[in-house]
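Here's the letter readout for the chains.
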Amino acid sequence: MKNNMNSILLAHGSGGKLQSDLLEKVILKYIKNPIINLLEDSAYLSCFPKGCKSKIAFTTDSYVVNPLFFPGGNIGKLAVCGTVNDLLCIGAKPLYLSLGLIIEEGFDYEMFEKIIIAVALEAKSAGVKIVCGDTKVVEHGKGDGIYVNTAGIGEIKHYFSPQKIEAGDFIIVTGNIGDHGIALLSERQKMKFKTPIISDVANLTGIADILFKTSGIHCMRDPTRGGLGGILKEIALKSNIEIEINENSIPVNPGVNSICEILGIDPLYLANEGKFVIFSKEEKVVSLLRRTKLGKNTAVIGRVIKKKQKGEVILLTKTGGKRIIDIPRGELLPRIC
Amino acid sequence: MNKITDIKLTDSLINNLYRIANKNYIIMEICGTHTVAFLKFGLKHLLPKTVRVIAGPGCPVCVTPQKLIDYAIDLSEYAIIVSYGDIFRVPGSFSSLEKVKSTGKDIRIVYSITEALDIAIDNPTKMVVFLAVGFETTAPATANVLIKAKKLNVNNFFVLPGHKLIPPAIEYLCSNGVKANGFMLPGHVSTIIGCSAYQSIVDKYKIPCVVTGFEAIDIITSIYKLVEQINNNDAKLDNTYSRGVKWYGNAIAKENIATVFRTTDSEWRSIGCIPDSGLELNENFHKFDAMKKFDIKLLNSTTEDNCCRCGDILRGIIEPEQCANFGNKCTPEEPIGPCMVSSEGTCAAYFKYGNIY
C-alpha cells in the first residue's frame, strides 16, 4: 500500500503524524505481537525460563549491504537471519529481536514495505519476536537507502565455544560456500550469468535444532564476512590448534568457482549468510544434516590435527600441495588479468 | 576426469621431474597470475628442492611507477578517476587512490575499461580519466575503447597511459645478467602477442623459454620442459599452453594496439627505465591523453621508495623472505613497496600463502 506516498520524507522520522502513519500502516501492519503492540518506550520481556536459572545471550549487528535487494533476499531478510544465526552459533535459542531502521530521505516507499515484509516473514520462520524498534530518517545523500540494525536476545541452551575444540575434531561445513558473496558481487557489477548465483541467506534454526540434539558438538560459527578461510583462522588462533582442510572436500557451487577464477577471487574468503562451520567430535551429524533442505550439501572438510599450536590452518590443495590459510586482508578487489 | 586437477596426473608429472632434476635450477616466471597459481596450488611444496621457481617483474601493478599514481591522485581534483581494483591501494609518493577516495574524491573501480567509457557517457558534464595499466593483456581493451570513443566523439574521456610490454623486460633481464636458467612465459600476454614475440630473445640469449598456462598441470609440465632443455643444453621456445596461445597471437588485438599506441621508453617501478617497453598514445589519439589534456605539474612526488628491496625481488635477485622488511615492517596492511600491495605482487602472494616448510 502506497498511502499516496512514493518515498520516505524527513517527516517520517520526526515523531509526528507521518511517523505514526509509517509505523501503523507499514511496520506494525506486518510485525505484530503482544509485546511490540504495547508501543512502550521499552519492551516488557518475561524472564526465561521461570526462575531465571539459565543465562541469556545478547548480540547486535548492523546491516549496510549494497545492493539492498539481491538474488535470494534483501537487507530485511539478512538483518533477521544474521542476528538469529549469531545467537544459534553459541548454542542459544533466539527469542527476541529489536529492529532499528535508518532510512535515507527519498527512499522508495514500496521498497521499504518490501523490506519490512521480509523482516516479518523471516522472524516468523525463525520463531523470534520483534519486540522493539526505532525509525530515523536522515537527509538525502547522507545514507545509502536504508541501514538496518537488529539486536537479539536468546536463551542459552548449550555451550559451544572454541575452547571446547579437541584434537581429532571433524570440521564440517553445512553447504556450498561463497554463494552470498558472488550473488552480491554479480548484482553490484551487473554481471549476467545464464544461471544466476542466489545468495544463501537463511536462518539456520532448523539446522541448529539438529545440532542442539546431537552430542559431541564443540564449536559452531557462521562464516559471514571473511568467509570460511577467515573463520577457520580466527578459531585456530583463539583455541591454539592446528587445522588441516582438504580443498577437494570443500563444497563450492561450480558457477561460483568459475566466477571466482575469472575475477581472481578465492571462494574461501567470500561471505556466506546461511552456513555453519561445525567442530564436532563425531562425524555422524553429517548424515542427519544432509537430510535437511538447507544442509543437503553438508561435508566434512578437515580435521583438527593438534592442540597447543600457533593456530595454523593448512590447506591440502587439489594438486596434492600444501599452503597456509591466513586471515583475509583488505577488501576483496578484482585483479587486472 | 577433471584433467586440470587430476592428482594422479600431477603425481606422475612430479615423479618424472624428480627423475630428471639432477642439478640446481632457477626458473623465473614473469606473470602475477603464475606467482599466485604456483603458491595457491601449493606447488612449491611438491617440487624437488633443487628446482627453485622465482618471480620476475610480472605483476603490472608492482611495476607501475609511483609518479603515475601521483598523477592520478592530482587529477582526482578535476575528474572522476577510474581504474582496476589492483591499483587502488598502491601507494604513490604520499597517498593512494584508496586514501584519496576516503576524503571524498570520486574514484571508481571497474572490471573493464568499457565501464569507464560508460561512466563518461553517463556523466557528460564531468571529466573521466582511466588509469590504463597492465601489460599486453589489458592494452587491447584500452585500444578498443579508445577507437570506440573516437568514433562516438566522446570529449570527456581520457586515459593516463601506463601500459607496459613484456618482451623488452625479458630482454632487459637477460642483458643484465639475470640469475635464471629458464623462463616460464606468461600465458595471458602470449595469447595476444603470440609465441613468435619471444623467438629473438631465445635466439640471442640462448635461454630456455616455455609459454605456460595457469593450471597446476600447465605449470608442472612447463617446469619439466625447462629442466629438460637445461639438461640438454638446448635452449628453445616451447609452448605448453597451445590451447590458448598461437604462434602469431591475436591479430585483431595486435592491430588495435598498433592503431592506438606506439612504443616508448618506460619507467618500471623499482627497476628503472627499459627501452621501448611502454605504450604511449599516437598522434591520432592525443586528444584522449590525460597528460596532454591536463597540464599536470606534480607538486607532491618523490623519487622511488628507498630501503625497499622490491627491485631486487622483481629481478629475481632475492626472494621475499630475504628482505629484512618482509612480514614485519612491510605487510599487506602497511606495505612499504609495491610487491606487497597487489594481490599478485610477489611479496603479497608469499605473505598470503606462506611457506610451510
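Since this is a predicted model, take the numbers as computed values, not measurements. (Residues numbered from 1 in each chain as written. Chains lettered and ligands numbered in written order. Predicted model: local features only at pLDDT ≥ 70, side-chain atom pairs only at ≥ 80, totals over all residues.)

Visitor: I'd like to hear about the sheet that holds strand β8 (residues 217-221) of chain A, residue by residue, with values.
Guide: Strand pairing in a sheet relies on backbone hydrogen bonds. The paired strands run either parallel or antiparallel. Residues and elements named next belong to chain A. Strand order in the open sheet formed by 7 strands is β8-β10-β7-β11-β9-β12-β13, and the pairing between neighbours is mixed. Each edge of the sheet is formed by a strand with only one pairing partner; in this case those strands are β8 and β13 (322-324). Each strand axis lies, on average, 25° off the axis of its neighbour in the sheet, ignoring direction. As judged from the 3 bridges shared by strand β12 (residues 313-316) and β13, these two strands associate in the antiparallel manner. Within β13, the residue paired with L316 across the bridge is K322. (Pairing = 2+ DSSP bridges. Helix = DSSP H or I, 4+ residues; strand = E, 2+ residues; numbered from the N terminus. Axes fitted to C-alpha atoms, helices over the stretch in contact; angles between N-to-C directions.)

Visitor: Can you break down the packing of helix α3 (residues 75-89) of chain A against helix α4 (residues 109-126) of chain A residue by residue, with the values?
Guide: All names here are of chain A. At a closest axis distance of 7 Å, the pairing of α3 and α4 adopts a crossing angle of 30°. In this view, α3 runs roughly parallel relative to α4, as classed from their interaxial angle. Note that α3 runs across α4; the crossing there is right-handed. Together, I75, G76, K77, A79, V80, C81 and V84 of α3 and I115, I116, A118, V119, E122, A123 and A126 of α4 make up the contact between the two elements. Considering only residue class, the contact of α3 with α4 consists of 11 nonpolar, 1 polar and 2 charged. (Parallel < 35°, antiparallel > 145°, perpendicular 65-115°, else oblique. Left-handed = near helix turned anticlockwise from the far one by under 90°. Contact = placed C-beta atoms within 7 Å. Nonpolar A, V, L, I, M, F, W, Y, C, P; charged D, E, K, R; others polar.)

Visitor: Report on the sheet that holds strand β1 (residues 25-29) of chain B, specifying residues and quantitative values.
Guide: Residue and element names in this part refer to chain B. In spatial order, the strands read β2-β1-β7-β8-β9; together these 5 strands make up an open sheet with parallel pairing. Looking at which strands have only one partner, the edges of the open sheet turn out to be β2 (51-55) and β9 (237-239). The mean angle between the axes of side-by-side strands here comes to 25°, regardless of whether they run parallel or antiparallel. Looking at chain direction, strand β8 (residues 209-212) and β9 are connected through 3 bridges and run parallel. Each bridged residue has a counterpart across the sheet, and for V210 the counterpart in β9 is D238. Sheet strands touched by helix α11 (residues 216-232): β1, β2, β7 (182-186), β8 and β9. Its angle to β8, the strand with the most contacts, is close to 170°.

Visitor: How would you summarise the interface of chain B and chain A if you had to cite specific residues and measurements?
Guide: Counting residues at the interface gives 35 residues for chain B and 19 residues for chain A. Contributions of two or more residues to the side of chain B that touches chain A are made by α1 (7-20), α2 (32-40), α3 (43-46), β5 (127-134) and α15 (346-353) of chain B. A breakdown of the residues in the side of chain B that touches chain A according to their chemical character gives 16 nonpolar, 12 polar and 7 charged.

Visitor: Break down the domain arrangement of chain A for me, with residues and values.
Guide: Residue and element names in this part refer to chain A. Domain annotation of chain A identifies domain 1 (10-156) and domain 2 (162-324). Summarising the inter-unit geometry, the C-alpha centres of domain 1 and domain 2 are found 28 Å apart. Across the boundary between the two partners, domain 1 contributes 20 residues, which contact 21 residues of domain 2. Taken together, the elements giving at least two residues each to the side of domain 1 that touches domain 2 come down to α3 and α4. Here the side of domain 1 that touches domain 2 is composed, by residue class, of 10 nonpolar, 7 polar and 3 charged. (Domains from an automatic or database assignment.)

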